[in-house]
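The residues making up each chain are set out below.
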Amino acid sequence: MARARAPFARRRTPSPDQRARVVFLGSGAFAVPILQALLDQASRASSIVELVAVVTAPDRPAGRGSGLRAVPVARLAREHGLALIQPARLRTPESIALVRDPGPDLGVLADYGQIVPRGLLDTVARGLLNLHPSLLPRHRGATPIPAAILAGDHETGVSLFRMDAGLDTGPILAQRSVPLMGTETAPDLEASLSNVAAELLIESLGPYLAGALPAVPQPGEGMTLSRPLGRTDGHLDMTRTAAELERQVRAYLGWPGSFLETQAGRLIVLAGSVGPAVPAPPGTLVANGPG
């Protein structure tokens, strides 16, 4: 974990005519365009925000003795010389003190990977804003992008909401929908939604800080929950329909991937399509053309 410093003991209430001090929490690739947009906004002379720190995951072993590898957000933060806080666990009093130390007025979170403790939510004057890649309350939780593809949704989007103690349950500040064509892979959809999220944040910061962006409670109906994915989730179950399996291949591309166990060994499936019926049991490998 990053070197401990003296905790910021009191919640700071900024005056209307000064920049809001922002701490950004994020780790994965989805968060990178959002952090970049916040950096660009903060660099303007007329900006209403000042980026004071980035909270992200610790550097991780890269494997086979090749040293530590930084997560995407950490790499971008270091390129710009930003103050970097990398707690292994955000819930500890020491980690909370590190995040409070720069005196943030506002937090912005995207693809961070840890639950934000109540002790931090309650001490940032203007709250923590979360950019979630779904149209909440649909697909709350850890894997909303694969979940939308798996479900065959006709649209998805990005929700900006103010965080509370629940899992993606806070009131909605803004949303933007994106149509789905039924051909998207998870990496491609993540990249496009991250740019949508960056635009939505910059458009919403001014109205939010001015108190002109109403927070609307999430509806009680339509809630679904996406769960973390493990390696075994990638197994293609041949009792499911071809359409479901094709969606899985697109949803799980990258992580956890999709695979079949065959007599010749494990077959990694990178792409698929629904074709005409074949007179053979599901899961049978058959010749397709001269290959």
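Let us look at the structure shown here.

Parameters at a glance
- Residues numbered from 1 in each chain as written.
- Predicted model: local features only at pLDDT ≥ 70, side-chain atom pairs only at ≥ 80, totals over all residues.
- Heavy atoms only, no water.
- Helix = DSSP H or I, 4+ residues; strand = E, 2+ residues; numbered from the N terminus.
- Buried < 20%, exposed > 50% of the residue type's maximum accessible area, 1.4 Å probe, protein only.
- Polar contact = N/O pair within 3.5 Å; in protein donor to acceptor, adjacent residues only side chain to side chain.
- Contact = heavy atoms within 4.5 Å.
- Phe/Tyr/Trp six-rings, centres within 6.5 Å; stacked < 30°, edge-to-face > 60°.
- Lys NZ or Arg CZ within 6 Å of the ring centre and 35° of its normal.
- Pairing = 2+ DSSP bridges.

**Re the side chain of Ser27**
Examined against the element boundaries, Ser27 turns out to sit in the loop between β1 (20-26) and α1 (32-42). What makes Ser27 buried here is its relative accessible area of 6%. A distance of 3.2 Å separates the side chain of Ser27 from the backbone nitrogen of Ala57, its partner in a polar contact. At a separation of 3.0 Å, a polar atom in the side chain of Ser27 contacts the main-chain carbonyl oxygen of Tyr112. Among all residues touching Ser27, those that are not within four sequence positions of it are Thr56, Ala57, Val71, Pro72, Val73, Ala110, Asp111 and Tyr112.

**Overview of the packing of aromatic side chains**
In the structure shown here, the tally under the stated rule is zero aromatic pairs. The ring of Phe259 has Arg266 sitting right over it, with the charged end atom 3.9 Å from the ring centre.

**Quick look at the pairing of strand β7 (residues 128-132)**
Summarising burial for β7: five of the five residues are buried, a large majority. Residue alternation in β7 divides its side chains into two sets, Leu128, Asn130 and His132 and Leu129 and Leu131, and both sets are buried. In the sheet, strand β6 (residues 106-110) pairs with β7 via three bridges, with the strands oriented parallel. Across the sheet, Leu109 pairs through a bridge with Asn130, a residue of β7. Where β7 meets strand β9 (residues 155-162), four bridges bridge the pair, whose relative direction is antiparallel. When the bridges of β9 are listed, Leu129 appears paired with Arg162.

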